There are 8 protein chains.
Amino acid sequence: MKDIKVGILMGSDSDLPIMQKASEVLRELGIGYEMDISSAHRTPEKVIQYVKDIRKRGIEVIIAGAGMAAHLAGFIAAHTTLPVIGVPIRSGALAGIDSLYSTVQMPPGIPVATVAIDGAKNAAYLAAEILSIKYEEITRRLEDQRQDMRNSIEEKSKRLKKKLKP
Amino acid sequence: MKDIKVGILMGSDSDLPIMQKASEVLRELGIGYEMDISSAHRTPEKVIQYVKDIRKRGIEVIIAGAGMAAHLAGFIAAHTTLPVIGVPIRSGALAGIDSLYSTVQMPPGIPVATVAIDGAKNAAYLAAEILSIKYEEITRRLEDQRQDMRNSIEEKSKRLKKKLKP
Amino acid sequence: MKDIKVGILMGSDSDLPIMQKASEVLRELGIGYEMDISSAHRTPEKVIQYVKDIRKRGIEVIIAGAGMAAHLAGFIAAHTTLPVIGVPIRSGALAGIDSLYSTVQMPPGIPVATVAIDGAKNAAYLAAEILSIKYEEITRRLEDQRQDMRNSIEEKSKRLKKKLKP
Amino acid sequence: MKDIKVGILMGSDSDLPIMQKASEVLRELGIGYEMDISSAHRTPEKVIQYVKDIRKRGIEVIIAGAGMAAHLAGFIAAHTTLPVIGVPIRSGALAGIDSLYSTVQMPPGIPVATVAIDGAKNAAYLAAEILSIKYEEITRRLEDQRQDMRNSIEEKSKRLKKKLKP
Amino acid sequence: MKDIKVGILMGSDSDLPIMQKASEVLRELGIGYEMDISSAHRTPEKVIQYVKDIRKRGIEVIIAGAGMAAHLAGFIAAHTTLPVIGVPIRSGALAGIDSLYSTVQMPPGIPVATVAIDGAKNAAYLAAEILSIKYEEITRRLEDQRQDMRNSIEEKSKRLKKKLKP
Amino acid sequence: MKDIKVGILMGSDSDLPIMQKASEVLRELGIGYEMDISSAHRTPEKVIQYVKDIRKRGIEVIIAGAGMAAHLAGFIAAHTTLPVIGVPIRSGALAGIDSLYSTVQMPPGIPVATVAIDGAKNAAYLAAEILSIKYEEITRRLEDQRQDMRNSIEEKSKRLKKKLKP
Amino acid sequence: MKDIKVGILMGSDSDLPIMQKASEVLRELGIGYEMDISSAHRTPEKVIQYVKDIRKRGIEVIIAGAGMAAHLAGFIAAHTTLPVIGVPIRSGALAGIDSLYSTVQMPPGIPVATVAIDGAKNAAYLAAEILSIKYEEITRRLEDQRQDMRNSIEEKSKRLKKKLKP
Amino acid sequence: MKDIKVGILMGSDSDLPIMQKASEVLRELGIGYEMDISSAHRTPEKVIQYVKDIRKRGIEVIIAGAGMAAHLAGFIAAHTTLPVIGVPIRSGALAGIDSLYSTVQMPPGIPVATVAIDGAKNAAYLAAEILSIKYEEITRRLEDQRQDMRNSIEEKSKRLKKKLKP
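Residues numbered from 1 in each chain as written. Chains lettered and ligands numbered in written order. Predicted model: local features only at pLDDT ≥ 70, side-chain atom pairs only at ≥ 80, totals over all residues. Heavy atoms only, no water.

### Quick look at the overall build of chain A
So, point 1. For chain A, the count of helices and strands is six helices and five strands.
So, point 2. Its helices and strands in sequence order give chain A the pattern β-α-β-α-β-α-β-α-β-α-α, from N to C terminus.
So, point 3. Of all 166 residues assigned to chain A, the portion counted as buried reaches 67%.
So, point 4. Sequence-distant contacts, at least 24 apart, represent 66% of the contacts inside chain A between residues at least 6 apart.
So, point 5. Carbon and sulfur atoms make up 50% of the accessible area of chain A, which totals about 5,800 Å².
So, point 6. A distance of 6 Å separates the average location of the 24 positive side-chain charges in chain A from that of its 20 negative side-chain charges. (Helix = DSSP H or I, 4+ residues; strand = E, 2+ residues; numbered from the N terminus. Buried < 20%, exposed > 50% of the residue type's maximum accessible area, 1.4 Å probe, protein only. Contact = heavy atoms within 4.5 Å. Areas by Shrake-Rupley, 256 points an atom, 1.4 Å probe, with all protein chains shown as cover. Lys, Arg positive; Asp, Glu negative; His and termini not counted. Charge placed at Lys NZ, Arg CZ, Asp CG, Glu CD.)

### Digging into the packing of aromatic side chains
The geometry of two aromatic rings is summed up by the distance between their centres and the angle between their planes.
So, point 1. Taken as a whole and judged by the stated rule, the model has eight aromatic pairs over all chains.
So, point 2. Here the aromatic rings of F:Y101 and H:Y101 are separated by 6.1 Å at their centres, their planes lie at 5°, and the arrangement is stacked. With F:Y101 in helix α4 (residues 97–104) and H:Y101 in helix α4 (residues 97–104), the pair connects residues from two separate chains. Comparing F:Y101 with H:Y101 shows no difference in burial state: the two are buried.
So, point 3. The ring of D:Y50 has D:R57 sitting right over it, with the charged end atom 5.0 Å from the ring centre. (Phe/Tyr/Trp six-rings, centres within 6.5 Å; stacked < 30°, edge-to-face > 60°. Lys NZ or Arg CZ within 6 Å of the ring centre and 35° of its normal.)

### A closer look at the relation of the copies chain G and chain B
What connects the two chain copies is a rotation about an axis and a shift along it.
So, point 1. Overlaying chain G on chain B yields an RMSD of 0.0 Å, the required transformation being a rotation through 90° with an accompanying axial translation of 0.0 Å. Interpreted geometrically, this transformation is the action of a four-fold axis. (Least-squares fit on C-alpha atoms with pLDDT ≥ 70 in both.)

### Concerning the side chain of F:H41
All names here are of chain F.
So, point 1. Secondary-structure assignment places H41 in the loop between β2 (32–37) and α2 (44–51).
So, point 2. With relative accessibility at 5%, the residue H41 sits in the buried group.
So, point 3. Looking at H41, its side chain comes within polar contact range of the side chain of H71, at 3.0 Å. (Polar contact = N/O pair within 3.5 Å; in protein donor to acceptor, adjacent residues only side chain to side chain.)

### Points about the layout of surface pockets
So, point 1. Here the second largest pocket is characterised by a volume of approximately 870 Å³.
So, point 2. Lining the second largest pocket are 43 residues, with A:M106, A:P107, A:P108, G:R42 and G:M68 positioned closest to its centre.
So, point 3. Put simply, the parts of the chain that give the lining of the second largest pocket at least two residues each are α1 (16–28), α5 (120–132) and α6 (136–164) of chain B together with β3 (61–67) of chain G.
So, point 4. Here the residues of the lining of the second largest pocket are counted per class, giving 19 nonpolar, 14 polar and 10 charged. (1 Å grid on protein atoms, 1.4 Å probe; cavity = no way out; pocket = protein on both sides within 12 Å on 5 of 7 lines; lining within 4 Å. Points joined across faces, edges and corners; volume = space filled by probe spheres on them. Nonpolar A, V, L, I, M, F, W, Y, C, P; charged D, E, K, R; others polar.)

### Examining helix α2 (residues 44–51) of chain A
Since the α-helix advances by 3.6 residues per turn, residues separated by three or four positions end up pointing in the same direction.
So, point 1. Among the eight residues that make up α2(A), six are buried, leaving the element largely enclosed by the rest of the structure.
So, point 2. Taken together, the buried positions of α2(A) are occupied by A:P44, A:K46, A:V47, A:I48, A:Y50 and A:V51.
So, point 3. Against β1 (4–10), β2 (32–37) and α3 (72–77) of chain A, α2 (44–51) of chain G together with α6 (136–164) of chain H lie the buried residues of α2(A).
So, point 4. Two residues or fewer past α2(A), A:D53 is found with a positive phi of approximately 55°.

### Re the pattern of salt bridges
So, point 1. Within the structure shown, the criterion is met by 80 salt bridges over all chains.
So, point 2. Residue A:D36 is joined to H:K161 by a salt bridge in which the shortest nitrogen-to-oxygen separation is 3.1 Å. With A:D36 in strand β2 and H:K161 in helix α6, the pair connects residues from two separate chains.
So, point 3. Looking at A:D36, the relative accessible area reads 6%, which means it is buried. (Salt bridge = Lys/Arg side-chain N within 4 Å of Asp/Glu carboxyl O.)

### Focus: the relation of the copies chain B and chain A
So, point 1. Overlay of chain B on chain A (RMSD 0.0 Å): rotation 180°, translation along the axis 0.0 Å. Read as a symmetry element, the transformation amounts to a two-fold axis.
So, point 2. A symmetric contact is evident, with 100% of the interface residues of chain B recurring at the interface of chain A.

### Regarding the pairing of strand β2 (residues 32–37) of chain D
Residue and element names in this part refer to chain D.
So, point 1. Of all six residues in β2, six are buried; the element is thus mostly enclosed.
So, point 2. Side chains G32, E34 and D36 of β2 all project onto a buried face; the interleaved residues Y33, M35 and I37 project onto the opposite face, where all are buried too.
So, point 3. With helix α1 (residues 16–28) bridging strand β1 (residues 4–10) and the parallel β2, this β-α-β connection has right-handed handedness. (Right-handed = clockwise from strand over helix to strand, strands pointing away.)

### Brief notes about the interface of chain G and chain B
So, point 1. Between chain G and chain B, the residue contacts involve 17 residues of the former and 15 residues of the latter.
So, point 2. Roughly 1,400 Å² is buried in total at the junction of chain G and chain B, and carbon and sulfur atoms are behind 71% of that figure.
So, point 3. Put simply, chain G and chain B have three salt bridges between them.
So, point 4. Sorting the residues of the side of chain G that touches chain B by element identifies α1 (16–28) and β2 (32–37) of chain G as the ones contributing at least two each.
So, point 5. Sorting elements by how many residues they give to the side of chain G that touches chain B places β2(G) first, with three residues. (Buried area = accessible area lost by both parts, 1.4 Å probe.)

### Here we look at the environment of F:G11
So, point 1. Residue placement: F:G11 occurs in the loop between β1 (4–10) and α1 (16–28).
So, point 2. For F:G11, a relative accessible area of 11% puts it in the buried group.
So, point 3. Each C-alpha atom, one on F:G11 and one on F:I153, is 35 Å from the other, the two residues being 142 residues apart in sequence.
So, point 4. Leaving out residues up to four positions away in the same chain, F:G11 has contacts with F:I37, F:S38, F:S39, F:R42, F:G65, F:L72 and G:I153.

### Considerations on the interface of chain B and chain A
So, point 1. Chain B puts 43 residues into the contact, and the matching count from chain A is 43 residues.
So, point 2. The contact between chain B and chain A buries some 3,400 Å² in all, and 60% of this surface belongs to carbon and sulfur atoms.
So, point 3. Taken together, the links from chain B to chain A amount to zero salt bridges.
So, point 4. Counting the contacts that link chain B with chain A gives 24 residue pairs in polar contact (both at pLDDT 80 or more).
So, point 5. Put simply, the parts of the chain that give the side of chain B that touches chain A at least two residues each are α4 (97–104), β5 (113–114), α5 and α6 of chain B.
So, point 6. For the side of chain B that touches chain A, the element with the most residues is α5(B), which contributes eight residues.
So, point 7. Split by residue class, the side of chain B that touches chain A holds 26 nonpolar, 10 polar and seven charged.

### Observations regarding the environment of F:A77
So, point 1. Along the chain, F:A77 falls in helix α3 (residues 72–77).
So, point 2. In this structure the C-alpha to C-alpha distance between F:A77 and F:I110, which are 33 residues apart in sequence, comes to 6.1 Å.
So, point 3. What F:A77 contacts, discounting residues up to four positions off in sequence, is E:R146, F:V84, F:I110, F:P111 and F:V112.

### Structural notes on the arrangement of the chains
So, point 1. You won't find any contact between chain B and chain F; their C-alpha atoms come no closer than 13 Å.
So, point 2. Contact between chain E and chain G is absent, and the least distance between their C-alpha atoms amounts to 17 Å.

### Some remarks on the pairing of strand β4 (residues 84–89) of chain A
Residues and elements named next belong to chain A.
So, point 1. Within β4, six of the six residues are buried, leaving the element largely enclosed by the surrounding structure.
So, point 2. Here β4 shows two buried faces, one formed by V84, G86 and P88 and the other by I85, V87 and I89.
So, point 3. Chirality of the crossover, the property in question, places the unit of strand β3 (residues 61–67), α3 and β4 among those that are right-handed.
So, point 4. Regarding the hand of the β-α-β motif, the stretch spanning β4, helix α4 (residues 97–104) and strand β5 (residues 113–114) is right-handed.

### What about the packing of helix α4 (residues 97–104) of chain E against α4(F)?
So, point 1. Contact pair α4(E) / α4(F): the axes reach a minimum separation of 13 Å and the direction vectors enclose 90°. Classified by the angle between their axes, α4(E) and α4(F) sit roughly perpendicular to one another. Across from E:I97, E:L100, E:Y101 and E:V104 in α4(E), the residues of α4(F) making contact are F:I97, F:L100, F:Y101 and F:V104.
So, point 2. Residue composition of the contact of α4(E) with α4(F), grouped by class: eight nonpolar, no polar and no charged. (Axes fitted to C-alpha atoms, helices over the stretch in contact; angles between N-to-C directions. Parallel < 35°, antiparallel > 145°, perpendicular 65-115°, else oblique.)

### Quick word on the confidence of the model for chain A
So, point 1. Scored by pLDDT, chain A comes out at a mean of 96, with 98% of its residues at no less than 70.
So, point 2. Prediction confidence for the complex, expressed as pTM and ipTM, is 0.97 and 0.97 respectively. (pLDDT = per-residue confidence, 0-100.)

### A few points about the side chain of F:Q105
So, point 1. As for its placement among the helices and strands, F:Q105 is situated in the loop between α4 and β5 (113–114).
So, point 2. A distance of 3.0 Å separates the side chain of F:Q105 from the side chain of H:D98, its partner in a polar contact.
So, point 3. In contact with F:Q105, not counting residues within four places along its chain, are E:A116, E:I117, H:M68, H:A69, H:L94 and H:D98.

### Looking at α4(B)
So, point 1. Judged by how many residues are buried, α4(B) sits mostly within the fold: seven of eight residues are covered.
So, point 2. Considered for burial, the residues of α4(B) that qualify are B:D98, B:S99, B:L100, B:Y101, B:S102, B:T103 and B:V104.

### Quick word on unusual backbone geometry
Residue and element names in this part refer to chain F.
So, point 1. Within the chain, D53 stands out as a residue other than glycine whose phi angle is a positive 60°.
So, point 2. Relative to the elements of secondary structure, D53 occurs in the loop between α2 and β3 (61–67).
So, point 3. Look at D53 and you get partly exposed, because its relative accessible area is 47%.
So, point 4. Phi at A95 is positive, roughly 55°, even though this residue is not glycine.
So, point 5. Relative to the helices and strands, A95 is located in the loop between β4 (84–89) and α4.

And the structure:
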């Protein structure tokens, strides 16, 4: 289960604080990943090289995060038929609306599975859901995580009610 | 291969002209699907019923399309750990910006894989890419489709150049 | 008059600093309320359970606050014919435009009475206005509050004019 | 039950095609209403006159629709403690975003219950929900209407499935 | 010349830090003004009272600043044929886009002369330009102020060039 | 009274259908005007020539309409201390938001009195209001026009009520 | 002068009606060009091939037009140090705002010279201006064209004034 | 090579922190530049004077940065056929969307080569790319700079992978 299954790419090292949240979620779910910096605009050859034969290297889902005119996820999607998850990253004056539009508005034929602005956590959960159609064990872990979420809200709910009591 | 694998849901029958494009792409790729109308706001019980035991019924990816305050995809995602693809549909005064934000800006833990506004075709291609990690045959079909796309552009390119010649 | 009449729900405990303003206004107006955390995406069953038989428990208006793809108010509205007031909460990159659109752009048949982004105070005043059609006493209190507002502005106006005098 | 309970106001006769949908819904639900044209900017005195003693005339909810810098609902709300429902109307270059912001972003103390752009139907349903806390009969009618909505979707769902069958 | 000619109104005392800039510019230009707090929503009667007979009191231009659903300038414009200058004030989640649209998108017949978001200085300059068609002296002062602006930029230009020299 | 007092400029002859509405309103109010086409970008010299000595030619208010990166009003304002009214014109993909921002967001010192997108009528009314501080006759005409507006709405109100009667 | 100097690329044949305007302007200015269809997402290899050795083939400026998540111009810019002009094309629900942001918001180091949405004509004029720093003849042609523009506006101005005369 | 080739203008000294980045990049690339403050609105004559005979003074590209209703680049473009690069600067409530639209949405015939909001660095790179069509040496420097960028990312990539190793 620890074999690498998810590739995480980001366009710049300034995206690392956000994109690390994806790797943390994958680690919690016991899903292997690799992580690298590679820019659609500054090192396109490196990105193409990365995507080439990616299925053979055992990667099954790719997560790509980038800001501003965020082309990284779309650029990767243009070079593979693996599912590519795009994380629009908030940076600069337009606060992520630019990266959201640049990531989600892909032309027919080359989809990018887009999550919320700065939504690196959900990119990891989505990757896990995708893997869950093949690896039953991951389904179980995701269901446990959902139960944890419910419990955590139940906890907070109790604490709030206690505080509100006269 | 024709066993049903993709569930397509839409919030209203007015979404059908858009959502049908998803079913057409799946048909071309030889992937089974089922399609239904069910609203997060008007028939929530029906949606919950639909999602319950959905893995057992053999569905592996869900595509959900809705307009305006488009809650359908998020609502489904709250009830399953299967990958859910959201299609924001353009309708009304805000031209799909409302449905895009309502679909993509999901909270951590409950992801929706969002495609472009009215991007039902890409929802189907994304579903196929997700299935391709499990069914090798689909990878081949997707690669053929990519080749077709390349050929089609090559065709158009030739025709344009011919037209431009003195 | 202190019997519970308003139910306040929020999607996450991070919404509490905003939503508490609603409870403060209700307390000032002498209107009973209960308050809980419950997420449309993370604990949908809990929300459904909460809304079920809500009229019988004496709740007459519901206030729901949530951020980002804010589905909570719409989700509640889908399960009750009681008036539901939605408070779009500012959070994340889109600064509440996402939650505003997700809350207000409801489809025909399932309305949400939406107030300003972070407008929890007005949610409470609106709840009181709604109750005032049934409880005459509340009308009087609202009119007193309006008079207080007028007095407060009159005060500020006087202070400003004093300061401006040569 | 046919005694007038809802007052419908609009800023211009060009708003009538939209606002009529509110009156149609109220008629279906058997709720009385009156309807008038009155502009916050062109006939402010008429609006003030209309709101004065409005409770005594038996009006319990006000619906106000206006376009562009849509001040009508807020202007009415400033003169009454009755619940005021605002319908932002789409008109001109900004397609209703201007009227949405002008209607919903009210300052603390003077709420407007805002519905979707051009959402006159939901304004009527919301008015009915508000009245339902006082008039039990309306609750029943609203529940019937919800059932009708569910049936209508069930119908469409069946028809779609039939069409899809091989 | 020191007789009061410009009336400055603001919707809340929180608008004072912005609106004071208008009074400072007027003082520099030697134009009289009065300043008050009065809300279109919280003290509409006070606003109407203020505008009544305003020509007789010697006011010739009105400047009104407000935030969010900024109705103050439009509300005043509805009650006078004097020129009304609107200052949309930045406040809350929408950063002044709401107040800009609420101020500028007025219906035909009731204009508001809108300046930039938080543009209180320009409101004062515009008021002076309006008065300049009647009071020649003000034209001269405005031309002096323009010359000052030019000199100030010339200064800065020289300083920059000096700094850049090798 | 028929001496020219208002100068109307537009950036392109495609703006004429909108800008003509300004001239119609001025004609109704009996205010003289001249109208010309002159572009800040294509004929800047012509604009500068136009503005030079404009006070001496008897112009007291300038109305300028332009679309897209609408610099015309600001460009004129940079060359005169007369009041300049800007009409942002809707054209192209951004539907007038570009021209609104380009017109209204002027830097301190050089104001443009901005009206609604395509709001040429209000530009004329605003020009009249400005002139009214100097020409008492125009005040009277504006008050008549306000009365006409009120009557017109009263008419429409009566017609609507008649239609609604059983 | 007829040697090819400008390369025009577009992402889809649906962009042709817009991009043809660029070729028309170049033809009028007597500047050579070549035109092709090539997609950053569907035929990335073809784009890379096109850009390779592009300086050697005599191309000195590249114009690239694309809609939605418009990556074409940025993708080309990543592979050459020639100036690349981007034309954001209006298409789909977001009316070109998506393509504008995707084209203009490039990261430091890889610039795209962006023109207006659908601004293919200006892309050609900009290309000519760039070439004019090297080819004096083009400067002359551009100055002629500016003169033509001035004359055309002068014409329209005369016609308008004639029409306005009593 | 050190002869002045690029003219940098900004509308206000508050733009200096951003615009200095352009001069730094040019210095690194060994390209000469001059820099000045000059406002389209406050010192239009100075701008016109600056642009006049600019080709003769050896300037070949102009970079202009301005905020809000950013007319400077367009104003310069109206007075020269040299390529003008516009830098929309973020300032005030609209965070640079206003300056982006004011800079990029130019009418046909007068192009401005627009870069990202606050994108002064890219303005300099673009200027260098334009000059590279004439000065071969600059091509080489740009290619070196691209190589440096690639190396820098390679460095960061290595450091990240090292950190990730168990």
